[in-house]
Amino acid sequence: MFKKILIANRGEIACRVIKTARKMGIATVAVYSDADRDALHVGMADEAVHIGPSPAAQSYIVIEKIMQAVRQTGAEAVHPGYGFLSENRGFAAALEAAGVAFIGPPSSAIEQMGDKITSKKIAQAAGVSTVPGHMGLIDDADHAAKIASQIGYPVMIKASAGGGGKGMRIAWNDTEAREGFQSSKNEAAASFGDDRIFIEKFVTQPRHIEIQVLGDQHGNIVYLHERECSIQRRNQKVIEEAPSPFLDPATRRAMGEQACALARAVGYTSAGTVEFIVDGQRNFYFLEMNTRLQVEHPVTELITGVDLVEQMIRVAAGQPLPFAQSDLKINGWAMESRLYAEDPYRNFLPSIGRLTRYRPPVEGPTANGVVRNDTGVFEGGEISMFYDPMIAKLCTWAPTRAEAIEEMRIALDSFEVEGIGHNLPFCAAVMDHPRFTSGNITTAFIAEEFPDGFTGTTLDPVTLRRVAAALAAMNRVAEIRRTRISGTMDNHTRKVGDDWVVTVQGESFVVKIAADRDGSTVHFPDGSHHRVTSDWHPGQPLAKLLVDGTALVMKVAKIPSGFRLRLRGADLKAHVRSPRAAELALLMLEKTPPDTSRFLLCPMPGLVVSVAVAAGDEVQEGQALATVEAMKMENILRAERRGVVKLVNAKPGASLRVDDVIMEFE
Amino acid sequence: MHDILSQLEARRSTARQGGGARRISAQHAKGKLTARERIELLLDEGSFEEFDMFVTHRCTDFGMDAERPAGDGVVTGWGTVNGRMVYVFAQDFTVMGGSVSETHGAKICKIMDMAVQNGAPVIGINDSGGARIQEGVASLAAYGEVFQRNVLASGVVPQISLIMGPCAGGAVYSPAMTDFIFMVKDSSYMFVTGPDVVKTVTNEVVTAEDLGGASTHTKKSSVADAAFENDVEALAETRRLIDFLPLNNREKPPVRPFFDDPARIEPSLDTLIPANPNQPYDMKELITKLADEGDFFEIQAAFACNIITGFIRLEGQTVGVVANQPMVLAGCLDIDSSRKAARFVRFCDAFEIPILTLVDVPGFLPGVAQEHDGVIKHGAKLLYAFGEATVPRVTVITRKAYGGAYVVMASKHLRADFNYAWPTAEIAVMGAKGAVEILYRSELGDPEKTAQRTADYEQRFANPFVAAEKGFVDEVIMPHSTRRRICRAFASLRGKKQTNPWKKHDNIPL
């Protein structure tokens, strides 16, 4: 076994690999760029080597710099993680030449799977199902109909030179195929001056399901079942799970066996992933093979109990796989939510800055499952603009899918991240979405269910009542503490009442609290009641309660006579008032937010260092517009709301006074 | 007998109606509460004890004798806020527009006298059309009596003014002399002369809101200390402020049970100071991470944002915080920030509230406008305020402490009790670049030499150890243990007694 390995990566995956290496008693070497000087993976590794400036193109993906670090530290093997050099044939070859083990597949396999057309041909030859289609020329409409019916409807008729939806038709029968062929051809000729047409199978209700394979250097190849990764936003995976709620055992076995066949065909070793697109009838078609450890590998680890990184290292060291296909069973269900530093309320704009608070949920076994969080950041750390915005992968495991989802809901609600925008509320909204919980998902889920982006969710009536009961009980605790202040009048202290009105999400709940030593019973006017117990105390930002015996977790902050609360993708202001105060509060006028100016004004006297946008640009709320230097400090001015830049008045180098107009918006 | 008792009930009932249902509806339609409703929300439920409910005015001119409403447009009395005694007056706009008569003024004076005698804060709720013109000079005299009491109560009991409607003309000078002024957005304004007079005299056209609304006074004039969305929120936040304040100048600040470990370690503070010395960071993160439960009541949050002032608790006890804010103007001192902080320091000192000073100051703001507007005199106010303070004081230098501003910001030389510095602190006369430009003027043509000189200066002075060697810094502390260190420091100062030489009063550079 290796004594020392180098991890040619950063962030959560570097930390992930270091953890396993440490468990195996292997020393680790981290590499880091300027921006990562204080990064988590650097602190976790036994040694760290600086490899250059912040941009990855000048550090993490420069083969020579990694090779230099390998030589300098005497590492015997390199784990590439994902991204960066993980699928770079040249890198694998350079390591081979230097006699250093690459913890991944042979460079030949990387090469063969690296090209979409080549990989598809190899897959076809290996008996892997690929999207059926006709690449040759089509004579006329009748020919088109004949080919289409051979492929099987529905089919997609496409212009060879096509793009942007032009010259594209979907046909469900012969008539439509004839018509579609003709209109596609005409449109293609008009649009591209090239009327060549081809036909392929149209995959309806597509899902992205992939098979994890693992091979050793002794010819053993197994599959570790599938992962469903259909929840994607613009091809970026957001939520993954294993197993898929859609596959039956026969399909799973067929996909697994084909994936192994493909791996065998290219002499694959180490961990790899064969991606398939699966239609509504469980027909599956090969997409591509990723010749590396996949981001979402933890869900596979959670249902199989296999540490994939450990097996990758053992395989690279020449050890045989310790299990056979028949040993690999699916145990329970695992979910993964990717935490991105992207602000869902600002159209998922990347958000950078200081993580003023970062408290993931406690990892390890819970009452009914397991929580795991693969992370590469820490509280007080900086999220920089140089790298992938994914900062953590929160995973849960439980015996069933429904339970794994419930574990995930609680884990998401327990995850505290402040200082940057992030997608936790969005993940929570997906977990509560009825279509997601039903398992009826496709790759179009986010586009279909959140067509206008994300503006937060509303709590369902049942949750809302539970929240109202919890807030009433919490408020009572806070108010009682206020009465315990020093300097009160003897014998005339304030008595905290039992009657309260909780106003949240536009609804008012009149409640009566019966408190005892162990908690509170909160009575509603309709005669129902909720039992609230908790050790929450004022000032705690994370409130963990039991309402009628089941967990309710929310992030709370104090606002005047109430709380700001965040849970289940909702971000709400709630007020808890005495009945009289609630009555008087109704007299307050609703105020419309003031019209913020159409100008970006200079907030201080200073020098314009740079302007980040130009006239005509569309800007998102929070986007950086310009940088002004004052008192030798660079201050980034950001858009207060969405808009379009009409005119930029200030140029870099200009010296501005307070309230000078930097730019105007439409 | 029964008749006599019911007569009292009838008279009370009439008095409680104020200006009657029609005027109350008009008040409500503006989103404003009535005087009695405001008092209800300000005080603990059922704790209000009213004075002078049946007082009526004595004016007979201009037909005034036809109407003598009980209470005369102001509701006065005392009650409790979370069990602690406060005195309160609330002008009733529904009764003669809340105008101030001789008797109206006398009612306010009565509770102010009792507040000073019994050592409890005075909370004034202002919603008044101004002087009662029919009474002439008697009305002015009433204002004068109130002003005089504001002055005498100053520094004896906390005085808080809530502006919840108009407050114009001479009337503004009573709130102006109180410790804190809170306004309600869109429904309150304060000015000495209104838009009409301004138009006549200077030809400036301005709305009441622009001239003296909550936004103007919290952002531009600094007359007000905070602005709130509506009456209900303003009253709730006033209760919250009172929880921070001592009842009078003979009492210690209040203590209440807390749920936060005084020894709490904050590893994230070790990375608060950016590697680049010219990059700002948010000082408020430090304040909320030091405070019990992250609870911070900021005063003048929207004005002179290069300095932060407000109240936190440490081990349950109130502490006033003064902190430079590197996010705004690099945290420099200037006229506005000096005035803002000086007034806050003097309030804390007057009421025995310990002061925590967090320092990251590159110096005083240079500029013609600053000099011509008197930064010398205004900057001196903060220096003076820190210099005369005798309350327990702890100072933490996080980064820059340059030049005269270093001395001003509660340095050891101004009798601060504990002066801590983070390892990132740089205590020097100025930044290295500026220093080299003066010290080695003749070598400025040689960039290599200059760079070397700058590096040398940084090496020598851009650290806390030179000051620590001289004892100007008591200890260099780890950022992550700052809460524990300052909690222990303040705990050790609970018995502090320090007096200044006898004087009639001081002569702060006003």
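Keep in mind it's a predicted model, so treat the numbers as computed, not measured. (Residues numbered from 1 in each chain as written. Chains lettered and ligands numbered in written order. Predicted model: local features only at pLDDT ≥ 70, side-chain atom pairs only at ≥ 80, totals over all residues. Heavy atoms only, no water.)

Visitor: Sorry if this is basic, but what is going on with the overall build of chain A here?
Guide: Summing up its helical and strand segments, chain A has 17 helices and 40 strands in all. Oriented by its inertia axes, the alpha-carbon framework of chain A measures out at about 90 × 65 × 65 Å. Across the 666 residues that make up chain A, the buried fraction comes to 54%. Total accessible area computed for chain A in this model is approximately 27,900 Å², and 51% of it derives from carbon and sulfur atoms. (Helix = DSSP H or I, 4+ residues; strand = E, 2+ residues; numbered from the N terminus. Buried < 20%, exposed > 50% of the residue type's maximum accessible area, 1.4 Å probe, protein only. Areas by Shrake-Rupley, 256 points an atom, 1.4 Å probe, with all protein chains shown as cover.)

Visitor: Can you walk me through the interface of chain A and chain B in this structure?
Guide: Often the size quoted for an interface is simply the accessible area lost on bringing the parts together. Contacts between the two partners involve 43 residues from chain A and, on the opposite side, 57 residues from chain B. Both faces combined, the contact of chain A with chain B buries some 3,900 Å², and carbon together with sulfur accounts for 60% of it. Here chain A and chain B share five salt bridges between them. Between Arg580 of chain A and Glu40 of chain B there is a salt bridge, with its nearest N and O atoms 2.8 Å apart. Run the count over chain A and chain B and you get 16 residue pairs in polar contact (both at pLDDT 80 or more). Of all the secondary structure elements, the ones that give two or more residues to the side of chain A that touches chain B are α16 (461–483), α17 (579–585) and β37 (633–638) of chain A. (Contact = heavy atoms within 4.5 Å. Buried area = accessible area lost by both parts, 1.4 Å probe. Salt bridge = Lys/Arg side-chain N within 4 Å of Asp/Glu carboxyl O. Polar contact = N/O pair within 3.5 Å; in protein donor to acceptor, adjacent residues only side chain to side chain.)

Visitor: Honestly, the side chain of Thr395 of chain B in this entry has me stumped. Any pointers?
Guide: Residues and elements named next belong to chain B. Mapped onto the secondary structure, Thr395 falls in strand β14 (residues 393–402). For Thr395, a relative accessible area of 1% corresponds to the buried category. A polar contact is formed between the side chain of Thr395 and the backbone oxygen of Ala410, at a distance of 2.8 Å. The residues contacting Thr395, other than those within four sequence positions of it, are Thr357, Val359, Met409, Ala410, Ala416, Phe418, Asn419 and Tyr420.

Visitor: Help me understand a nonpolar patch on the surface, please; the structure alone is not making it clear to me.
Guide: Taken together, the side chains of Ile352, Met385 and Phe386 of chain A present a nonpolar region at the surface, about 310 Å² in accessible area. The topology assignment puts Ile352 of chain A in the loop between β17 (349–350) and β18 (353–354). (Patch = residues over 30% accessible without salt bridge, like charges linked within 9 Å, V, L, I, M, F, W, Y side chains within 5 Å.)

Visitor: Help me understand the sheet that holds strand β1 (residues 49–51) of chain B, please; the structure alone is not making it clear to me.
Guide: Pairing between sheet strands relies on hydrogen bonds along the backbone, with the strands arranged either parallel or antiparallel. Residues and elements named next belong to chain B. Judged by pairing direction, the sheet is mixed, and its seven strands sit side by side in the order β1-β2-β3-β4-β5-β7-β9 without closing on themselves. Lying at the two open borders of the sheet, with one neighbouring strand each, are β1 and β9 (226–228). The sheet shows a mean angle of 20° between the axes of neighbouring strands, direction not considered. With three bridges joining them, β1 and strand β2 (residues 74–81) adopt antiparallel strand pairing. (Pairing = 2+ DSSP bridges. Axes fitted to C-alpha atoms, helices over the stretch in contact; angles between N-to-C directions.)

Visitor: Where do I start with the pattern of salt bridges in this structure?
Guide: Where charged atoms of side chains with opposite charge meet at close range, the side chains can pair. All names here are of chain A. Taken as a whole and judged by the stated rule, the model has 81 salt bridges over all chains. Arg568 is the partner of Glu406 in a salt bridge, and the nearest nitrogen-oxygen pair spans 3.7 Å. Separated by 162 residues along the polypeptide, Glu406 in helix α12 (residues 401–414) and Arg568 in the loop between β31 (562–567) and β32 (570–577) bring together distant segments of the chain. Judged by its relative accessible area of 29%, Glu406 is partly exposed. As a salt-bridge pair, Arg580 and Glu583 come within 3.3 Å of each other at their nearest N and O atoms. Of this pair, Arg580 and Glu583 both sit in helix α17, separated by three residues, roughly a single helical turn.

Visitor: In this structure, what is going on with the domain arrangement of chain B? I would like to understand it.
Guide: Residues and elements named next belong to chain B. Looking at the assigned domains, one finds that chain B contains domain 1 (2–242) and domain 2 (267–425 + 463–492). Each of domain 1 and domain 2 has a C-alpha centre, and the two are 36 Å apart. On the domain 2 side, the residues contacting the 18 residues of domain 1 number 14 residues. Approximately 1,300 Å² of surface area, both sides summed, lies buried where domain 1 meets domain 2, with 58% of it carried by carbon and sulfur atoms. When the buried area of domain 1 at its contact with domain 2 is split by residue, Phe180, Ser222 and Arg240 rank highest and sum to 37% of it. For the interface between domain 1 and domain 2, the tally reads one salt bridge. Between Arg240 and Asp295 there is a salt bridge whose closest N-O contact spans 2.9 Å. If you list the elements that add at least two residues to the side of domain 1 that touches domain 2, you get β7 (180–184), α9 (214–220) and α10 (231–242). Looking at the side of domain 1 that touches domain 2, its residues break down into seven nonpolar, five polar and six charged. (Domains from an automatic or database assignment. Nonpolar A, V, L, I, M, F, W, Y, C, P; charged D, E, K, R; others polar.)

Visitor: Even after reading the chapter, I still don't get unusual backbone geometry, so can you show me in this structure?
Guide: In terms of backbone geometry, most residues other than glycine have negative phi values and most peptide bonds are trans. Residue and element names in this part refer to chain A. Backbone torsion omega between Tyr153 and Pro154 reads -5°, so that peptide bond is classified as cis. In this structure, the amide linkage connecting Ala242 to the following residue, Pro243, adopts the cis form with an omega of -5°. Within the secondary structure layout, Pro243 lies in the loop between β12 (236–242) and α9 (249–265). Of note, Asn235 is a non-glycine position whose phi angle comes to about 65°, a positive value. One can find Asn235 in the loop between β11 (221–233) and β12.

Visitor: I'm lost on helix α19 (residues 482–492) of chain B in this one. Help?
Guide: Residues separated by three or four positions in an α-helix point in the same direction, a consequence of the helix having 3.6 residues per turn. All names here are of chain B. Of the residues making up α19, those classed as buried are Thr482, Arg483, Ile486, Cys487, Ala489 and Phe490. Projected onto a plane normal to the axis of α19, the buried residues spread over an arc of 160° and lie on a single side. On its buried face, α19 is in contact with α11 (283–290), β11 (307–314), β12 (317–324), β13 (355–361), β14 and β15 (418–421). (Arc of directions from axis to C-beta.)

Visitor: Explain the packing of aromatic side chains here, please?
Guide: Aromatic ring pairs are defined here through the distance separating the ring centres and the angle between the ring planes. All names here are of chain A. Applying the stated criterion across every chain yields a total of 28 aromatic pairs over all chains. With a centroid separation of 5.0 Å and 10° between ring planes, the pair formed by Tyr60 and Phe84 is classed as stacked. A residue pair is termed long-range when its members are at least 10 positions apart, and Tyr60 in the loop between β3 (47–50) and α3 (63–73) and Phe84 in the loop between β4 (77–79) and α4 (89–98) qualify at 24 residues. In this structure Tyr60 comes out as buried when scored by relative accessible area, which is 0%. (Phe/Tyr/Trp six-rings, centres within 6.5 Å; stacked < 30°, edge-to-face > 60°.)

Visitor: Would you mind going over the state of the cysteines with me for this structure?
Guide: Put plainly, two cysteines are in a disulfide when a covalent bond ties their sulfur atoms together. Residues and elements named next belong to chain B. Tallying each qualifying case throughout the model produces zero disulfides over all chains. Free cysteine: Cys109, not disulfide-bonded; nearest cysteine sulfur from Cys167 at 16 Å. For Cys109, a relative accessible area of 7% puts it in the buried group. Of all cysteine sulfurs, the one in Cys305 lies closest to Cys332, which takes part in no disulfide; the gap is 12 Å. Among the residues examined, Cys332 registers a relative accessible area of 0% and is labelled buried. (Disulfide = S-S within 2.5 Å.)

Visitor: How should I be thinking about the confidence of the model for chain A in this particular structure?
Guide: Low pLDDT marks regions whose predicted coordinates should not be analysed in detail. Summing up the model confidence of chain A, the mean pLDDT is 92 and the portion of residues at 70 or higher is 97%. Confidence, expressed as mean pLDDT per element, reaches its minimum in chain A at strand β7 (residues 155–163) of chain A with 76 and its maximum at helix α10 (residues 297–304) of chain A with 98. (pLDDT = per-residue confidence, 0-100.)

Visitor: Honestly, the nonpolar core in this entry has me stumped. Any pointers?
Guide: It is characteristic of soluble globular proteins that their nonpolar side chains tend to be buried jointly. The biggest cluster of nonpolar side chains holds 66 residues, and the ones touching the most others in it are Phe180, Leu241, Leu245, Phe311, Val322 and Leu382 of chain B. Residue contributions to this core peak at six residues, all from helix α12 (residues 335–350) of chain B. Look past the residues within four positions of Leu245 of chain B in its chain and what remains in contact with it is Arg84, Pro158, Ile160, Phe180, Pro254, Phe311, Phe347 and Ile353 of chain B. Judged by nonpolar contacts, the second largest core, of 38 residues, contains Leu339, Val377, Leu412 and Val417 of chain A. (Core = buried A, V, L, I, M, F, W, Y, C linked by side-chain atoms within 4.5 Å.)

Visitor: Help me understand the packing of helix α3 (residues 35–42) of chain B against α10 of chain B, please; the structure alone is not making it clear to me.
Guide: How two helices pack is summed up by the angle between their axes together with the distance between the axes. Residue and element names in this part refer to chain B. Where α3 contacts α10, the axes come no closer than 9 Å and their chain directions differ by 40°. Taken as axis vectors, α3 and α10 run oblique relative to one another. Here the hand of the crossing between α3 and α10 comes out right-handed. Across the interface between the two elements, Arg38, Leu41 and Leu42 of α3 pack against Asp231, Val232, Leu235, Thr238 and Arg239 of α10. Here the contact of α3 with α10 is composed, by residue class, of four nonpolar, one polar and three charged. (Parallel < 35°, antiparallel > 145°, perpendicular 65-115°, else oblique. Left-handed = near helix turned anticlockwise from the far one by under 90°.)

Visitor: I keep staring at the confidence of the model for chain B and nothing clicks. Help me out?
Guide: On average, residues of chain B score 94 in pLDDT, and 100% of them are at 70 or above. For this predicted complex, the interface confidence reaches an ipTM of 0.93, while the overall pTM sits at 0.90.

Visitor: I'm lost on the side chain of Thr218 of chain B in this one. Help?
Guide: All names here are of chain B. Tracing the sequence through the fold places Thr218 in helix α9. A relative accessible area of 9% places Thr218 in the buried class. Here Ser215 takes part through its backbone oxygen, which lies 3.3 Å from a polar atom of the side chain of Thr218. Those residues in contact with Thr218 that lie beyond four places of it in its chain are Ala224, Ala226, Ala227, Ala302 and Phe303.

Visitor: Is there a simple way to explain the sheet that holds β4 of chain A in this structure?
Guide: Residues and elements named next belong to chain A. Overall, parallel pairing links the five strands, which are arranged β3-β2-β1-β4-β5 in an open sheet. Looking at strand neighbours, the two that pair on one side only are β3 and β5 (101–102), the edges of this open sheet. Two elements, β4 and β5, share two bridges in a ladder whose sense is parallel. When the sheet's bridge partners are listed, Ala77 is paired in β5 with Ala101.

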